[in-house]
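# Overview (structure and organization)
One-letter residues, chain by chain:
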Amino acid sequence: MKIKFLLLLSSLFFFLNACSKEDSTVIENLENPLANAPKDVNDNGFRAKWNYVSKSKSYLLDVSTTENFSALVPNYNSKEVTDLNEVVVSLTGGTQYYYRVRAKSETQTSGYSNVISVVTTGTSNVPEDPTFLKVKVNKLANPFFVGMAVKANQLNAGSPYDVILKNEFSSISAEYEMKMDQISVASGVYNWTVADKIVAYGNTNNINVHGHALVWHNSVPSWLANYAGTDAEFSLEVKKYITDVVTHYKGKVKSWDVVNESIADNGSMRNTVFLRRMGPNYVNDCFKWAREAANAAADTQLLLFYNDYATSDNSNKQNAVYTLIDKLITDKLIDGVGFQMHNTIFAPSKIQIEKDLNRAVTKGLKIHISELDMQVNPGNAQSNLTATFTNELRLAQKAKYKEIVKIYNALPKANKYALTVWGMKDNESWIPFSTELNHPGNDWPLLYDSNFAIKSSHTGFLEGLD
Ligand code: 9MR
C-alpha cells in the first residue's frame, strides 16, 4: 500500500513537472487583427485594409456576400496576403460584401478580426426577382393577404397600378378615400361614389377589402368637428356614421379599422374631439356600434381592428395600446390589431417588433401590418448632401423589408391576417411629402420606383418568405 502511494506521488511529481516545462515554451497567442474601412471602392472591387499584428508573417483574407461568411467569394477564402491591404477584384457592382482577416505566423493563426461591410458602386446588373408577391405567399403553408394602399383613380382597367394589383396583391386598403371626411358630407348624408369604386374593384377582382378607417381624429369632416349640438348628440352622430357605413359595406368589406390612433405618443389618450365629447370610453363605444351594425346586417364575419403606429419602440405607448385592447377583449369587441409600421431602415429593431406582435399573439388576436413603408432618409439625415438613394440605402432597405416579412411570416397561422404596404410608387408615397416627417422630396420607402419597376425591397420581401 505504502509503495503504491509512493509510486502515485512520484508519477504526479513527474506529470506536474512536465506540464510546467511545456508551459514555459508556449508562445504568446497572436492578436486578432483590426480590419479597417475600405479604400478605393469602385464598381468591381475595393482595397481591404487592416492593422499590423506583432509577430505575424501574413494575413488570411475572407470576402463574402453574407455577413456570416457563408457565401465566400471565390479566391477570397482565406487568401494569404503579406501586406496590410489587398485590392479585391472581379466583384459585382452595386453589391454588398463583407471582409475579415486573420493574422498568421509560422506556427500560429489568430482569431478573426472585426467584420467590415462594403458596397461596391455602380449597378449590380443582377435583375430583381420578378416573382409576384401573392403568388409566392399563396404557396406558403400558412398564407396571408398581401395588401396595398390604393387610390380610386389608380383603379382603371389596364393602368399599371391595375396590372400590378391584380398580379401581386390580394388585399387593398383605401389610402384616404374611405375615411370619414371623404364619405360624410353632413349628418346622414354620404358621398359613396369614390369609396364604392374601391370596394367594387376589390370585390370584382377577388381582392380582399380592408376598411380604413371609421374613426380617426385626422379625418373628421368640418361639420362634425364644429358640431353645435350636445355631447350626447355628437355621440349619436358618430354612432349613426359607423352604423351606416358598416351597413352600406356589409359583406363587401371584410374588416374595418374601427378606431385609428387613439393613444398619444406619451401613452395617454390622445386629446381628440372624440375624447373631449364622448369621454374615455369612446373607443369601446365605437367598436360596440360597429359590431351591432354588422350583426344587425347579418354580417357576422366582419373583423374589427384597432390600428395605431410606433408602438414597437415606445413602451409607454405600447402598454397603453394593450391596456385599451384588453378592455376591448373583455367586452368581446375586437378581432385584431393593426400595426402601421411606418418604419425606417434603422428602427424599430427585429426584437422590438417581435415583442410587440407577440403580445397580440398571446391574446389570440389577428395581426395586420397595416401601413408598411421603410424610410431610408429619416429626419432628413442626408439633408446636407444631395440626397440620393445609394446602394447602401437600397440594400439596407432590402434587408429591413426582408426582416419584417420574415417576422410576419413566422407568426402562427391563426394570428395572420394581412401585410399591407402603404403605397405603390416611391414618388407617390406620403413620406417624402409629410411636413411632420420633415424630409421633403427625399425618400424612397416602397417596393416600386417612380417607373413602376420593382426595387430591391421587393426582392427583400420575397426573400423574407423563404
Ligand atoms: O397616406 C395617407 C395620405 O395620402 C392622406 O392624405 C392622409 C390623410 O388622409 O392619410 C395618410 O395615411 C395615414 C393613415 O391613414 C393613418 N396612419 C398614418 C398615415 C400617414 O399619415
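As a starting point, this report considers the structure included with it. (Residues numbered from 1 in each chain as written. Predicted model: local features only at pLDDT ≥ 70, side-chain atom pairs only at ≥ 80, totals over all residues. Heavy atoms only, no water.)

## Brief notes about the sheet that holds strand 4 (residues 79-81)
Rules: DSSP-based pairing: two strands are paired if at least 2 bridges between them are found. Counting from the N terminus, the helices are the DSSP runs of H or I reaching at least four residues and the strands are the DSSP runs of E reaching at least two. Simply put, an axis is a line fit to the C-alpha atoms, just over the touching stretch for a helix, and the angle between two N-to-C directions goes from 0 to 180 degrees.
Taken together, the 4 strands give an open sheet; going across it, the order is 4-3-6-7, and neighbouring strands pair in antiparallel fashion. Two strands close off the open sheet at either side, each with one partner strand: strand 4 and strand 7 (116-119). Across this sheet, the average inter-strand angle for adjacent strands is 35 degrees, counted without regard to direction. Inspection of the sheet shows strand 6 (residues 96-104) paired to strand 7 by 4 bridges, in the antiparallel sense. Residue pairing in the sheet places Tyr98 in a bridge with Ser117 of strand 7.

## Here we look at the pairing of strand 9 (residues 171-174)
Looking down a regular strand, the side chains alternate between one sheet face and the other. Let me state the cut-off plainly: Burial here depends on accessible area, computed with a 1.4 Å probe over protein chains only, as a share of the maximum for the residue type. Under 20% is buried, over 50% is exposed, and the range in between is partly exposed. If the strands point away from the viewer and the path from the first strand over the helix to the second runs clockwise, then the crossover is right-handed.
Residues of strand 9 alternate between two faces, with Ser171 and Ser173 on one and Ile172 and Ala174 on the opposite face, all of them buried. Two strands pair when backbone bridges link them, and strand 8 (residues 145-150) and strand 9 are joined in this way by 4 bridges, in the parallel orientation. Note on strand 9: the bridge partner recorded for Met148 is Ile172. Crossover handedness for the path strand 8 to helix 3 (residues 160-168) to strand 9: right-handed.

## Description of the environment of Leu447
As a reminder of what qualifies: Contact criterion: two residues are considered in contact whenever any of their non-hydrogen atoms come within 4.5 Å of each other.
Along the chain, the position of Leu447 falls in the loop between strand 19 (416-421) and helix 13 (456-463). Put simply, Leu447 and Lys425 are 22 residues apart on the chain and 6.9 Å apart in space, counted from C-alpha to C-alpha. Once residues lying within four places of it in the same chain are set aside, the contact partners of Leu447 are Leu133, Tyr401, Val421, Met424, Ala453, Ile454, Lys455, Ser457, His458 and Phe461.

## Points about the packing of helix 11 (residues 350-362) against helix 12 (residues 391-409)
To keep it simple, the criterion reads: Roughly parallel here means an angle under 35 degrees, roughly antiparallel means over 145, roughly perpendicular means 65 to 115, and every remaining angle is called oblique. Two helices crossing with the near one rotated counterclockwise from the far one by less than a right angle form a left-handed crossing, whereas a clockwise rotation gives a right-handed crossing. Charged residues are taken to be Asp, Glu, Lys and Arg, nonpolar residues to be Ala, Val, Leu, Ile, Met, Phe, Trp, Tyr, Cys and Pro, and polar residues to be all remaining types, Gly included.
Packing of helix 11 against helix 12 leaves a shortest axis separation of 10 Å and a crossing angle of 25 degrees. Here helix 12 runs roughly parallel to helix 11, going by the angle between their axes. Taken as a pair, helix 11 and helix 12 cross one another with a handedness that is right-handed. Along the contact surface, helix 11 presents Lys350, Ile353, Glu354 and Leu357, while helix 12 presents Lys400, Glu403, Ile404 and Ile407. Within the contact of helix 11 with helix 12, the residues separate by chemical class into 4 nonpolar, no polar and 4 charged.

## A word on the site of the ligand
Our working rule: When at least one non-hydrogen atom of a residue lies within 4 Å of a molecule or strand, that residue is treated as near it. Side-chain atoms alone can form a polar contact between residues adjacent in sequence; in general such a contact is a pair of N or O atoms within 3.5 Å, and within protein one must be able to donate a hydrogen while the other accepts it. Residue exposure ignores everything except the shown protein chains as possible cover, and the areas themselves are Shrake-Rupley values with a 1.4 Å probe.
In the region of the ligand, the neighbouring residues are Glu175, Tyr176, Lys179, His212, Trp216, Asn260, Glu261, Gln340, His342, Glu371, Trp422 and Trp430. Lys179 is positioned such that a nitrogen or oxygen atom in its side chain is 2.6 Å from an oxygen atom of the ligand. Within the side chain of Glu371, a nitrogen or oxygen atom sits 2.7 Å from a nitrogen atom of the ligand. In isolation the ligand offers 450 Å² of accessible surface; the protein chains occlude 74% of this area. Classifying every residue of the shell around the ligand by side-chain character gives 4 nonpolar, 4 polar and 4 charged.

## Re the pattern of salt bridges
To keep it simple, the criterion reads: By definition here, a salt bridge exists when the distance from a side-chain nitrogen of Lys or Arg to a carboxyl oxygen of Asp or Glu is within 4 Å.
Under the definition given, this model contains 20 salt bridges. A salt bridge links Asp466 to Lys136, with the nearest nitrogen and oxygen atoms 2.7 Å apart. Of the two residues, Asp466 sits in the segment after helix 13 while Lys136 sits in helix 2 (residues 133-138), which places them 330 residues apart along the sequence. On the accessibility criterion, Asp466 (65% relative accessible area) is exposed.

## Thoughts on the packing of helix 7 (residues 231-248) against helix 9 (residues 282-296)
The packing of two helices is summarised by the inter-axis angle and the distance between the axes. Contact geometry of helix 7 with helix 9 gives a least axis separation of 8 Å together with a crossing angle of 40 degrees. When the interaxial angle is binned, helix 7 and helix 9 end up oblique. Remark: the crossing between helix 7 and helix 9 carries right-handed chirality. Only Cys286, Trp289, Ala290, Ala293 and Ala294 of helix 9 make contact with helix 7, whose side of the interface consists of Ser235, Val238, Lys239, Ile242, Thr243, Val246 and Thr247. Across the contact of helix 7 with helix 9, the residue classes tally to 8 nonpolar, 3 polar and 1 charged.

## Points about unusual backbone geometry
Following His212, the chain continues to Ala213 via a peptide bond in cis, the omega torsion being -5 degrees. The omega torsion across Ala347 and Pro348 is -5 degrees, close enough to zero to call that bond cis. If you trace the backbone, Pro348 turns up in the loop between strand 17 (342-344) and helix 11. The backbone of Ser90 shows a phi angle near 60 degrees, a positive value even though the residue is not glycine. Mapped onto the secondary structure, Ser90 falls in the loop between strand 5 (85-88) and strand 6. Given a relative accessible area of 66%, Ser90 falls into the exposed group. If you check the backbone angles, Asn125 has positive phi at about 60 degrees while not being a glycine. Within the secondary structure, Asn125 is located in the loop between strand 7 and helix 2. Judged by relative accessible area, which is 71%, Asn125 ranks as exposed.

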